[in-house]
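Tertiary structure, described
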Amino acid sequence: MSFQFYTVYYLKYLIVSIVRHKMKITLDHNCIINLANQTTIGKKMNAIVSNEENECFVVNIGASEMRQMGVRPDRYEKFEELLELAGIARLPRLNPMMILDVTFWDKCVWANEAMIKLSADIENILFGKAQKIDIVEEGLDSPAGRKWLNRLCDVHSMWCHINYDNDVFLTTDKNFSKETKLPKLIVLGANRICHPDSL
């Protein structure tokens, strides 16, 4: 992609941020886990979350690491416990599309065709060349099932970020920033994707 391409989209991001005053930041599930474990990255995240110029959001979806902590579609209180441990229980939430056996029962939205298309486009960008996983055969708690769940969380975290028109998608996952994927996600409306170190 050309320098002009990046310049146009970055200027759009800057203009929107200035008008809104506060920067709207979507935290991916890796950020939450780093905060809960108070890793080096988690400690940097503390400063980002506590900065009054930022408005950080949590996506209401549980990754496989969270599932191992007891987080299930019918156990939203376990998700709340994790957020409390991470020090971000006060943050506003973004509800993903409803996915049976994955999303929290009353913390999701019904999808229309445009929503489904956006999620399919995101999935194709992030995992279009990845080996398909038959979740019915593998099961959610198998190694392959955990990989499938994390892919789904990545897709729907980005879906929430774009659908709710946030400014920055914060993640430690390098898959989002690959040269073959980042420009395509920006075109879909991701605005800016970065590591906590780069914000």
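Scroll up for the structure.
Quick notes on the rules
Residues numbered from 1 in each chain as written. Predicted model: local features only at pLDDT ≥ 70, side-chain atom pairs only at ≥ 80, totals over all residues. Heavy atoms only, no water. Buried < 20%, exposed > 50% of the residue type's maximum accessible area, 1.4 Å probe, protein only. Helix = DSSP H or I, 4+ residues; strand = E, 2+ residues; numbered from the N terminus. Arc of directions from axis to C-beta. Contact = heavy atoms within 4.5 Å. Phe/Tyr/Trp six-rings, centres within 6.5 Å; stacked < 30°, edge-to-face > 60°. Pairing = 2+ DSSP bridges. Polar contact = N/O pair within 3.5 Å; in protein donor to acceptor, adjacent residues only side chain to side chain. Axes fitted to C-alpha atoms, helices over the stretch in contact; angles between N-to-C directions. Parallel < 35°, antiparallel > 145°, perpendicular 65-115°, else oblique. Nonpolar A, V, L, I, M, F, W, Y, C, P; charged D, E, K, R; others polar.

**So, helix H3 (residues 40–50)**
Within the span of H3, buried status applies to Gly-42, Met-45, Ile-48 and Val-49. When H3 is viewed along its axis, its buried side chains cluster within an angular range of 105° and face the same direction. When the buried face of H3 is taken as reference, the exposed residues oriented beyond 90 degrees from it are Thr-40, Lys-43 and Ser-50. On its buried side, H3 packs onto strand E1 (23–27), helix H2 (29–37), strand E2 (54–59) and strand E4 (168–170).

**Some words on the packing of aromatic side chains**
Two aromatic rings, taken as a pair, are described by how far apart their centres are and by the angle between their planes. Counting across every chain of the model gives 5 aromatic pairs. Measuring from ring centre to ring centre gives 5.7 Å for Tyr-76 and Phe-79, while their planes differ by 45°; the resulting arrangement is tilted. Placement of the pair is Tyr-76 and Phe-79 together in helix H5 (residues 76–86), with a separation of 3 residues, close to one helical turn. Across the pair, exposure class does not vary: Tyr-76 and Phe-79 are buried alike. Arranged with centres 4.8 Å apart and planes meeting at 80°, the rings of Tyr-76 and Phe-104 form a pair that is edge-to-face.

**Brief notes about the sheet that holds E2**
Strand order in the open sheet formed by 5 strands is E3-E2-E1-E4-E5, and the pairing between neighbours is parallel. The open sheet terminates on both sides in strands that have one partner only, identified here as strand E3 (93–94) and strand E5 (192–194). The pairing of E2 with E3 spans 2 bridges and is parallel. Bridge assignment links Val-58 to a residue of E3, and that residue is Arg-93.

**Structural notes on unusual backbone geometry**
Despite not being glycine, Gln-38 shows a phi value in the positive range, around 50°. Summarising the element assignment, Gln-38 is placed in the loop between H2 and H3. Gln-38 gets classed as partly exposed once you look at its relative accessible area, which sits at 34%. One non-glycine residue, Asp-165, lies in positive phi territory at about 60°.

**As for the side chain of Asn-60**
Relative to the helices and strands, Asn-60 is located in the loop between E2 and helix H4 (64–67). Among the polar contacts listed, one links the side chain of Asn-60 to the side chain of Asn-95, at a separation of 2.7 Å. Not counting residues up to four positions away in its chain, the partners in contact with Asn-60 are Tyr-76, Phe-79, Arg-93, Leu-94, Asn-95, Pro-96, Phe-104 and Lys-107.

**A look at H5**
Residues Tyr-76, Phe-79, Leu-82, Leu-83 and Ala-86 constitute the buried set of H5. The buried side chains of H5 occupy one side of the element, clustering within an arc of 110° when seen end-on. Opposite its buried face, H5 presents the exposed residues Glu-84 and Leu-85, each directed more than 90 degrees away. Where H5 ends, the next residue or the one after it, Gly-87, has phi of about 80°, a positive value.

**Describing the packing of helix H8 (residues 143–163) against helix H9 (residues 182–190)**
The angle between the axes and the distance between the axes are what describe a pair of packed helices. For the pair H8 and H9, interaxial distance at closest approach is 9 Å and the crossing angle is 45°. In this view, H8 runs oblique relative to H9, as classed from their interaxial angle. Contact with H8, carried on its side by Met-158, His-161 and Ile-162, involves Leu-185, Leu-188, Gly-189 and Ala-190 of H9 and no other residues of that element. Taken together, the residues that form the contact of H8 with H9 break down as 5 nonpolar, 2 polar and no charged.

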